Each structure stands twice: as C-alpha cells, then as structure tokens.
Amino acid sequence: MEAFCSRATQRGPRCNKPQKFRWDAWRTRHKEQHELTMADAGSVARSVASRSALKDKPTGVTKIPEALWIDFGKNQSIWRIRFALKNFEMKMQAEEDWRSLRQQLLHAVRVAVRGVLLQREGSRKPKPLQISVEGIKLCQKLERKEDRQSEWPKFLATISIETADSEAATAISSSLSSRAFRRSFATAASQQLASLGSVAQVRVEQEVPQDIELEGGFGEDLFVVGVPEGRIMDLGLCEGYELQAVLRKDDRGGDLCESGRPLRAMASHQVLASSRLSDGALRLCFQSPFARLPKFSE
C-alpha cells in the first residue's frame, strides 16, 4: 500500500506551494492567460498592419472585417527585377550565410539601379526623387541537371521609385523597360558581385493592378485567382481573397469609391483594366476568406 501513497513532487514555477501532500497540475492563472491572449492579439494586429500598404483610413467605405488594403501611389511605381547569378559556388550552410548573401545582393541592386538612372549628368531627362530596394528573395533553388544554365540561382528584387510628376514617371518607365537598362544593370551589378558570380538573364517588369487576376463579376462576387510574385504577394494577398472596394480619382479629380453592386456588375477583366483606371492614386480593398468562417466566440 505504501507504493500507492501520494507524495510531493517537484513543482513548477507557476504552482503555488501546497500545504499538504497532493498531486498538482501545471496550470496557468486566469490573469496570466488573459495577458497572454492580449499579447497574441496585439502581435497579430501589428503583423496585419505591417502587411497593409495603406497609411491613412479612407473615407466613404464601411468597416470591412479582415480587410487588406493595397495602395498604388500616384507618382510612385513598383518594379520587379529578376536576374540570375552565373557561376555561383557559395554553399549556404547556415542562416548567417543567407543573411550575408542577402545584404550583398541588396547593396548590389541598389548601387546598380541608382548608377544607371542617375548617371545622366548634364542631361535634361528627369531623374527620380527616391530609389529604394524594398526586398529581395530567391525564386529558384539550385538543381543539378545536365543543363548548366538550370543551376544558376534566380532572384527577384522589388524596387520602389518616386518621381516628381507624371512626365518624369513616364520617362523613368521607358528607361527601365529598355534593353539598354538591362544591359547596364547586369554590368553594374556584376561589378558589385564579382566575388560571387556574374549577373545574367535580367528581366524588368512594372507592378500594376492588372497583374491581379480576378474571377466573377456580372453580379457575382469578385475573387482573386492569381497573384504575381513581388510586393503584392508579400503584403499577404493570395487566391481566395474577395475584392470589396476600389478607391480612385474620377475624371474631374474627385474621390470615387466603387463597391457593392456597381463593382460586381462589371466583368472581371474590366474592373482593374488600365483603360478604365486613371494614372492617379489607387487603393484596392480585399477581404480575407477567413471572414466568412463562423465565429463561435461571439
């Protein structure tokens, strides 16, 4: 019978000191659980806020739960630069190796883009006011195949360029889309990454609202079915989100909010068409598919 007697065990830091010998479970106090819940809610709110590109609250739009806003600036353009790194032999064995490589790539892309766009000293062509590299990531892993070219790692850099007016934006856009820019960028970036390899297969694309593929319309809800790699995907938009509102400027320069039935009445390919949207600021509101799930806590 002595083997079945309850004995005092080693207590955890959150357990009260018992007055008698008994079995105690590891439990969390109600106050500590409430503080933990509040901390988790705060971290989630901060992460959602960091994903959204919206800086101020729009007017004329009803409160939409689980909303994600994506902002396209008037004189700010987002560009995606894809490139491959030839003869890359660095082995990524630790997390610090990738951090070091990422910093080298960010510096090389920043120096190359600024050097190509700002080298026109004495030229009358407009220059950008600000150039920033928002991020860079690996698009394709190394694969051992017979084709040597397939072993080159491919990277995607997201560039944000701010201009003074629409005329400067048009000039910068034509310069970035030219073959001369791709050639100059490859040369300048290869000089910065001489110890790692040489840059090749440069592709430059501008991020536009038309990159977001929608399905539905003609009275049905508009859902996202395709999202390109880059800033839009990094903000959290993916397949299944529903387009709720489009905020833009009308022909007279006033604020226009399209939502509800007028927005769903259009065809899916016409909602974000460039012929319908002006070159001004544009804000898109999407709702997460999680908003349709039942909330048992309420």
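This text follows the structure it describes.
Residue indices follow the written sequence of each chain, beginning from 1 at its first position. Side-chain atom pairs in this predicted model are given and counted only at pLDDT of 80 or more, local residue features only at pLDDT of at least 70, and totals for whole chains, interfaces and linings cover all residues. Side-chain numbers come from the whole structure's heavy atoms, not from hydrogens or water.

## Some remarks on unusual backbone geometry
Turning to step 1, where the next piece is worked out: At Gln201, a position not held by glycine, the phi torsion is positive, near 55°.
Turning to step 2, where the next piece is worked out: A run of H or I in DSSP counts as a helix once it spans at least four residues, and a run of E counts as a strand once it spans at least two, with each numbered from the N terminus. If you trace the backbone, Gln201 turns up in strand β5 (residues 198-207).
Turning to step 3, where the next piece is worked out: Whether a residue is buried, partly exposed or exposed follows from its accessible area with a 1.4 Å probe, protein chains only, as a fraction of its type maximum: under 20%, in between, or over 50%, in that order. Since its relative accessible area comes to 33%, Gln201 is described here as partly exposed.
Turning to step 4, where the next piece is worked out: Even without being glycine, Phe218 reaches a positive phi, approximately 55°.
Turning to step 5, where the next piece is worked out: Mapped onto the elements of the fold, Phe218 is located in the loop between β6 (213-217) and β7 (220-226).
Turning to step 6, where the next piece is worked out: Of the residues examined, Phe218 reaches a relative accessible area of 66% and is grouped as exposed.

## Quick notes on helix α3 (residues 166-176)
Turning to step 1, where the next piece is worked out: Residues of α3 that are buried include every one of Ala168, Ile172, Ser175 and Leu176, and no others. Buried residues of α3, viewed axially, fall in a sector of 95°; they line one side. Across α3 from its buried face, at more than 90 degrees, point the exposed residues Ser166, Glu167 and Thr170. What the arc describes is the spread of directions from the helix axis to the C-beta atoms.

## Examining the nonpolar core
Turning to step 1, where the next piece is worked out: Core analysis: the biggest nonpolar cluster contains 32 residues, and Phe83, Ile159 and Phe185 have the highest contact counts within it.
Turning to step 2, where the next piece is worked out: The set of elements that each furnish at least two residues to this core consists of β2 (76-86), α2 (95-117), β3 (130-140), β4 (154-162), α3, α4 (179-192) and β5.
Turning to step 3, where the next piece is worked out: The element contributing the most residues to this core is α2, with nine residues.
Turning to step 4, where the next piece is worked out: Pairs of residues are marked as contacts when any of their non-hydrogen atoms sit within 4.5 Å. With residues near it in sequence (within four places) discarded, Phe83 still touches Leu105, Val109, Ile136, Pro153, Lys154, Phe155, Phe185, Val199, Ala200, Gln201 and Val202. The set of buried Ala, Val, Leu, Ile, Met, Phe, Trp, Tyr and Cys residues whose side-chain atoms join them within 4.5 Å is what this entry labels a nonpolar core.

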